[in-house]
Amino acid sequence: PATPHLPRPTCHTHLPCQVSIVRSVHLSHDIKRLAAGGEQEDGSGVVCVFDSSCDGLVSGHAMLASWPHTMPVWTVRFSSNDRLLAAAGYDATLSLYDPHAMVLLQRVGPFGSVTGPPFIWSLGWSADSARITVGCWSGAAFVYNVCLDR
């Protein structure tokens with residue numbers, strides 16, 4: 001079998017995420033946007049979305065949007081159809097954004113727990129983007145149906 005390898009990159013750049021620690025990145029399925037979530041020096045969090053178009057040049061990519069969070073963001077994920085961006089982290093809330101209109105649509109949580117810290121560690125989308133899963137540090141997991149017709 002062939003050994004996977006990364007050829008010399010044709011597109012490489014440093015994205016100015018405006019965070020001291022990048023905890024999560026996710027490339028949209030259409031590869032047009034890159035989301036980054038992380039932690040700022042003051043302990044707050046942020047989610048940034050960049051234009052990830054690659055023209056073969058080593059250049060900066062435009063930041064399209066950025067949203068502050070009260071605490072560090074641990075995970076960011078585009079939905080499978082790229083219509084939504086989910087972000088979550090230490091504040092134990094799930095934020096859903098429209099990555100095209102660049103707006104916050106909804107916050108869910110905080111997720112409480114009696115078994116330990118409730119912060120959100122991981123997110124996942126179903127293949128049809130109809131459900132999102134939320135995994136918490138406390139050992140709890142949640143599945144939500146996503147309704148876009150409001």
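In what follows, the accompanying structure is described. (Residues numbered from 1 in each chain as written. Predicted model: local features only at pLDDT ≥ 70, side-chain atom pairs only at ≥ 80, totals over all residues. Heavy atoms only, no water.)

For the protein, the helix and strand inventory stands at zero helices and 11 strands. Put simply, the protein runs from its N terminus to its C terminus through helices and strands in the order β-β-β-β-β-β-β-β-β-β-β. Relative to its 150 residues, the protein shows a buried fraction of 41%. Of the contacts formed within the protein by residues at least 6 apart in sequence, a portion of 39% connects residues at least 24 apart. Roughly 8600 Å² of accessible area belongs to the protein as shown, and the carbon and sulfur atoms make up 57% of that amount. (Helix = DSSP H or I, 4+ residues; strand = E, 2+ residues; numbered from the N terminus. Buried < 20%, exposed > 50% of the residue type's maximum accessible area, 1.4 Å probe, protein only. Contact = heavy atoms within 4.5 Å. Areas by Shrake-Rupley, 256 points an atom, 1.4 Å probe, with all protein chains shown as cover.)

Moving on, we come to the side chain of R33. Looking at the secondary structure, you find R33 in strand β2 (residues 33–39). Buried charge R33 goes without a salt bridge, the closest partner of opposite sign being D30 at 4.8 Å. The contacts of R33, once residues within four sequence positions are left out, are H26, L27, S28, V49, F50, S52, L64, F78, P99, H100 and M102. (Lys, Arg positive; Asp, Glu negative; His and termini not counted. Salt bridge = Lys/Arg side-chain N within 4 Å of Asp/Glu carboxyl O.)

Read from one edge to the other, the open sheet built from four strands follows the order β5-β6-β7-β8, with strand pairing classed as antiparallel. Taken across any chain shown, the strands that pair with only one partner, and hence form the sheet edges, are β5 (73–78) and β8 (103–108). Pairwise comparison of adjacent strand axes, ignoring direction, gives a mean angle of 20° for this sheet. Pairing analysis gives five bridges linking β5 to strand β6 (residues 85–89), with the strands arranged antiparallel. Counterpart to V76 in the pairing with β6 is A87. (Pairing = 2+ DSSP bridges. Axes fitted to C-alpha atoms, helices over the stretch in contact; angles between N-to-C directions.)

Across the seven residues of strand β3 (residues 45–51), six count as buried, placing the element largely inside the fold. Relative to β3, β2 runs antiparallel, the two being bridged by seven bridges. Among the inter-strand pairings, E39 is bridged to a residue of β3, identified as G45. Following β2, the chain reverses through five residues before pairing antiparallel with β3; G43 in that reversal takes a positive phi of roughly 95°. Sheet topology places β3 next to strand β4 (residues 63–69); six bridges connect them, and they run antiparallel. Residue V46 lies in a different strand from β4, and its bridge partner there is P68.

Scanning all chains against the criterion turns up seven aromatic pairs. When the centroid spacing of 5.5 Å and the interplanar angle of 20° are considered together, the rings of W74 and F119 count as stacked. Here F119 lies in the loop between β8 and β9 (120–125) and W74 lies in strand β5, a separation of 45 residues in the sequence. Taken together, the aromatic side chains of W74, Y90, F119, W121 and W137 make up a single cluster linked through ring pairs. (Phe/Tyr/Trp six-rings, centres within 6.5 Å; stacked < 30°, edge-to-face > 60°.)

Before going further, it helps to spend a moment on the pattern of salt bridges. Taken as a whole and assessed by the stated rule, the structure comprises one salt bridge. Across the pair R23 and E39 runs a salt bridge, and its minimum N-O distance is 2.5 Å. Here R23 is found in strand β1 (residues 21–27), whereas its partner E39 is found in strand β2, with 16 residues between them in sequence.

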